[in-house]
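Survey of secondary and tertiary structure
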Amino acid sequence: MLGFLRKPVVVTAEINMNLVALTVMGLISRLWGLSYPRAVVFDEVYYGQFVSLYMKRIFFVDDSGPPFGHMLLALGGYLGGFDGNFLWNRIGAEYSMNVPVWSLRLLPALAGALCVPLAYQILVELQFSHCAALGAALLILLENSLITQSRFMLLESVLIFFILLAVLSYLNWIVSHPFGYSCVTSLVKYMGLFTYMLLLAIAGLHFWHMIGDQNLSNVSLMCHFLARGLALIIIPVAMYLSFFYVHLTLLYRSGPHDQIMTSAFQASLEGGLARITQGQPLEVAYGSQITLRNVLGKPMQCWLHSHTNTYPIRYENGRGSSHQQQVTCYPFKDVNNWWIVKDPGMQQLVVSNPPRPVRHGHIVQLVHGITTRYLNTHDVAAPLSPHSQEVSCYIDYNISMPAQNLWRVEIVNRESDTDVWKTILSEVRFVHVNTSAVLKLSGASLPEWGYRQLEVVGEKLSKGYHQSMVWNVEEHRYGKSQEQKEREVELHSPTQMDISKNLSFMAKFTELQWKILTLKNEDTEHKYSSSALDWITMDTNIAYWLHPTSGAQIHLLGNVVTWASANIAALVYTCLSLWYLIRRRRKIYDVPEDAWQLWVSAGGICVGGWAVNYLPFFLMEKTLFLYHYLPAVTFQILLIPIVLQHLSDHLCRSLLLKSMFSALIVAWFSSVYFVYCTFRPVTYGEPSLSVTELKDLRWKDSWNILIRKQ
């Protein structure tokens, strides 16, 4: 029974020393002197703020991508013991001693280093020679722009790592284990989504060819289909949601970014609005005292507001007004934001016992808490929006303009027509009974007579639905005082009842995802911004850091020889492919079928990867920088050894031609290494260069090499 113990247990393993050597060289090139410079480098000023917020568990919104990339950077800070206390306000600012610079930059550097062996393995999986794979890895290793970008607290190296990892996973599993592979390219930045779509297209094309394979049974085809659906759709979606779950779990405290979220979302965070709304009654009743926040939140969050001032008798353009009390949307908390929900059939302004809740479709009057005047609209043009109705609080001037102050409550997000109007959770429209106009924030800023507050108008329902027409109750209490003076004191008092307003994860995820996709930061022209056309020929650079006293500096600059060779390789691939296609149409086959299939599949990955990571930038309305091109140029670099091997194997037919071609490749690769060494001082930031040496690095007039005035 124990006979197996008579022989030793032997474990054998194959170690690819090429991979080991490339990994070591990649680590050395990216990790060497990682803490230098000990100062904020370019976009570290941007990403560092989010790391600090993670350390302090403060909620934030960033429209650059999902939270996974930011979480990786924060993980580096956590491992280094960072407490989040640093003011990220200036590029070049010296880091204080509590900032673990090496740890914060570690994960991007590791990701950049691992791109080197990944490049090698991708070409091996594409069934190219180990020599070609080694060439691809060395080109990635000696690419100055990739080195620079991976040595700082930035996300491009992480994005490229996961893109290459997804490509390798696809190639490896589709060949060796066709029932499983997954793709996580878009978890770091949404630009990775284009590579994900490329792999989906390639997988779909591969499955289409499988359908025509008569050797595969229907059951086998269905298994393949389900495996691809699981690996390419279900698992990525589950991972995507899981990272948002961790993100929202970690960031539970209120902060400056949560103001763009709905009241319900804000109330779910610790501090901020939650401190105000905790303990509020849930159901709005007749007699409730409420503040109404506009759901749109643009151009800024604001609350329905009124004050004793009236509209001017005549506006600057000569149009007349009702001279009624102004109603506006005010972007600050104020006692004049309070309104009382009144039953039109009763005079009392207090909540009865038991409370009578307001439901969808009920008619109400809204009484301004401080001035006790009724919210009103009529057939008078609004001050800045003449095609809409003026909204006011009614003053009886004993003229032929009767009050029109009845409003129908419509709950937009109701589940049934009998839904109760709820604090924070319900999104409501107020439809004017007499004119069918809807209470709406126009977004226009009133003149000095309106204290620059935002205009509120009555908009006809026929003009469609918009979030500017939707409001939600943010602060709420049950009114108890019928006398005005007692009620004014009550409006300043805290609430008493205790109701939880916690949102489900899916509700928070849906809202946050929508904000990320629709949030538009003001794009301003930057000194180092560029167009997508500038990237191909590298007519631009970015100065990342400048030493405060010496000439030491760091620039994002690519290896000129590599970038030019990548463009030539793409051109050669395109021309050769067109030539082969035309010849194959004429039944002339210049290369064997297996070589043709290899050529097409490699091009689908490399040329396709370049195209999907580059061409979309021509359609984007955002400030662009050279580093946006790095994922695309990485695919182009992988194409270089593919084209070179193809030329050597199929176009250099004699031994002499092969020898000459090999000699040219050696000379060309020597020039790549020469350019790498030449620009190494501005890749790593040391040694410091003299003015003459810096001028010698300005190979193009468009490059902005920083030279101090003597």
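Residues numbered from 1 in each chain as written. Predicted model: local features only at pLDDT ≥ 70, side-chain atom pairs only at ≥ 80, totals over all residues. Heavy atoms only, no water.

**What to know about the overall build of the protein chain**
Of the regular secondary structure elements, the protein chain holds 20 helices and 14 strands. Projected onto the principal axes, the alpha-carbon positions of the protein chain cover approximately 105 × 80 × 65 Å. Taken across its 710 residues, the protein chain has 53% of its residues classed as buried. Taking contacts inside the protein chain between residues at least 6 apart in sequence as the whole, the part at least 24 apart equals 73%. When the accessible surface of the protein chain is split by element, carbon and sulfur atoms take 61% of a total near 32800 Å². Side-chain charges of the protein chain comprise 53 positive and 50 negative groups, with the mean position of each set lying 3 Å from the other. (Helix = DSSP H or I, 4+ residues; strand = E, 2+ residues; numbered from the N terminus. Buried < 20%, exposed > 50% of the residue type's maximum accessible area, 1.4 Å probe, protein only. Contact = heavy atoms within 4.5 Å. Areas by Shrake-Rupley, 256 points an atom, 1.4 Å probe, with all protein chains shown as cover. Lys, Arg positive; Asp, Glu negative; His and termini not counted. Charge placed at Lys NZ, Arg CZ, Asp CG, Glu CD.)

**Regarding the packing of helix H15 (residues 560-585) against helix H16 (residues 593-614)**
Remark: H15 packs on H16, axes separated minimally by 12 Å, with the N-to-C direction vectors making an angle of 140 degrees. For the element pair H15 / H16, the angle class is oblique. Where H15 crosses over H16, the handedness of that crossing is left-handed. Contact with H15, carried on its side by Tyr573, Leu576, Ser577, Tyr580, Leu581 and Arg584, involves Glu593, Trp596, Trp599, Val600, Gly603, Gly604 and Val607 of H16 and no other residues of that element. (Axes fitted to C-alpha atoms, helices over the stretch in contact; angles between N-to-C directions. Parallel < 35°, antiparallel > 145°, perpendicular 65-115°, else oblique. Left-handed = near helix turned anticlockwise from the far one by under 90°.)

**Points about the packing of aromatic side chains**
Tallying each qualifying case throughout the model produces 41 aromatic pairs. Measuring from centroid to centroid gives 5.3 Å for Tyr245 and Phe505, while their planes differ by 75 degrees, and the two rings are edge-to-face. Of this pair, Tyr245 sits in helix H9 (residues 218-250) while Phe505 sits in helix H13 (residues 505-518); the two residues are 260 residues apart in sequence, bridging distant segments of the chain. Exposure remark for Tyr245: the relative accessible area of 48% places this residue in the partly exposed category. (Phe/Tyr/Trp six-rings, centres within 6.5 Å; stacked < 30°, edge-to-face > 60°.)

**A short note on the confidence of the model for the protein chain**
Confidence in the prediction for the protein chain averages 87 pLDDT; 91% of positions are at 70 or higher. Low confidence marks residues 494-501, where pLDDT is under 50. Its contacts with residues over four positions away, or in another chain, come to 26 contacts. (pLDDT = per-residue confidence, 0-100.)

**Some details on helix H3 (residues 68-79)**
Since one α-helical turn is 3.6 residues long, residues separated by three or four positions face the same way. Between its first and last C-alpha atoms H3 spans 16 Å; for 12 residues at 1.5 Å apiece the expected length is 16 Å, and the two agree. Within H3, 9 of the 12 residues are buried, which leaves it mostly tucked inside the rest of the structure. Every buried residue of H3 is accounted for by Phe68, Gly69, His70, Met71, Leu72, Leu73, Ala74, Gly76 and Gly77. (Expected span 1.5 Å × (residues − 1).)

**Points about the pattern of salt bridges**
By the definition in use, this model includes 14 salt bridges. In this structure, Arg253 and Glu270 form a salt bridge, with 3.7 Å as the shortest nitrogen-oxygen distance. You can see Arg253 sitting in the loop between H9 and helix H10 (263-267) and its partner Glu270 sitting in the loop between H10 and helix H11 (273-277), a full 17 residues away along the chain. In this structure, the salt-bridge partner of Arg414 is Asp417, at a minimum N-O distance of 2.9 Å. The exposure class of Arg414 is partly exposed, given its relative accessible area of 35%. Residues joined by salt bridges that share partners form a network here, namely Arg293, Lys333, Glu474 and Glu475. (Salt bridge = Lys/Arg side-chain N within 4 Å of Asp/Glu carboxyl O.)

**Quick notes on the packing of H15 against helix H17 (residues 630-650)**
For the pair H15 and H17, the least separation of the axes is 8 Å and the interaxial angle reads 60 degrees. On the basis of their axis angle, the class for H15 and H17 is oblique. By crossing handedness, the relation of H15 to H17 is classed as left-handed. Each of Thr562, Trp563, Ser565, Ala566, Asn567, Ala569, Ala570, Val572, Tyr573, Leu576 and Tyr580 in H15 lies in contact with H17, whose residues at this interface are Leu630, Val633, Gln636, Ile637, Leu639, Ile640, Val643, His646 and Leu647. Split by residue class, the contact of H15 with H17 holds 15 nonpolar, 5 polar and no charged. (Nonpolar A, V, L, I, M, F, W, Y, C, P; charged D, E, K, R; others polar.)

**Concerning unusual backbone geometry**
A cis geometry characterises the amide bond from Tyr36 onward to Pro37, with omega recorded as -5 degrees. Inspection of the secondary structure puts Pro37 in the loop between helix H1 (17-31) and helix H2 (44-55). Here the amide bond leading from Asn353 into Pro354 is cis, since omega sits at 0 degrees, within 30 degrees of zero. Checked against the element boundaries, Pro354 lands in the loop between strand E4 (338-342) and strand E5 (363-368). In the Ramachandran plot, Arg57 falls in the positive-phi region, its phi being about 60 degrees despite a non-glycine side chain. Here Arg57 lies in the loop between H2 and H3. Its relative accessible area of 28% is what places Arg57 among the partly exposed residues. Unusually for a residue other than glycine, Ser436 sits at a positive phi of about 65 degrees. Residue position: Ser436 is located in the loop between strand E9 (428-432) and strand E10 (437-445).

**Observations concerning the state of the cysteines**
Evaluated as defined, the whole model comprises 1 disulfide. Looking at the unpaired Cys115, the closest cysteine sulfur is the one in Cys606, lying at 14 Å. Residue classification places Cys115 among the buried residues on the basis of a relative accessible area of 5%. (Disulfide = S-S within 2.5 Å.)

**Points about the nonpolar core**
Grouped together as the largest cluster of nonpolar side chains are 144 residues, with contacts concentrated most on Phe59, Trp88, Ile122, Ile542 and Tyr544. When residues in this core are grouped by element, the largest group, 12 residues, is from helix H7 (residues 156-176). Contact partners of Ile542, with chain neighbours within four places excluded, come to Phe42, Tyr528, Ile554, His555, Leu556, Phe625, Leu626 and Tyr627. Core analysis: the second largest hydrophobic core is formed by 32 residues, Val284, Val364, Cys393 and Leu441 among them. (Core = buried A, V, L, I, M, F, W, Y, C linked by side-chain atoms within 4.5 Å.)

**Notes on the pairing of strand E14 (residues 553-556)**
Covered by surrounding structure in E14 are Gln553 and His555 together with Ile554 and Leu556, the residues of both alternating faces. Sheet analysis places strand E13 (residues 542-546) next to E14, joined by 4 bridges and oriented antiparallel. In the strand pairing of E14, Leu546 is matched with Gln553. From the end of E13 to the start of E14, which pair antiparallel, there are 6 residues. (Pairing = 2+ DSSP bridges.)

**Thoughts on the environment of Leu241**
Among the structural elements, Leu241 can be located in helix H9. A residue is classified by how much of its surface remains accessible, and Leu241, at 23% relative accessible area, is partly exposed. In contact with Leu241, other than residues within four places in its own chain, are Phe505 and Phe509.

**A short note on the pairing of strand E3 (residues 325-330)**
Looking along a regular strand, one sees the side chains alternate between the two faces of the sheet. Of all 6 residues that make up E3, 5 are buried, and the element is covered over most of its length. Here strand E2 (residues 303-310) pairs with E3 via 5 bridges, running antiparallel. Following the sheet pairing, Leu304 is matched in E3 by Cys329. By the bridge criterion, 2 bridges tie E3 to strand E7 (residues 389-393) in an arrangement that is antiparallel. Bridged to Gln325 within E7 is Cys393. Taken together, the 2 bridges between E3 and strand E11 (residues 454-460) define a ladder with antiparallel strand orientation.

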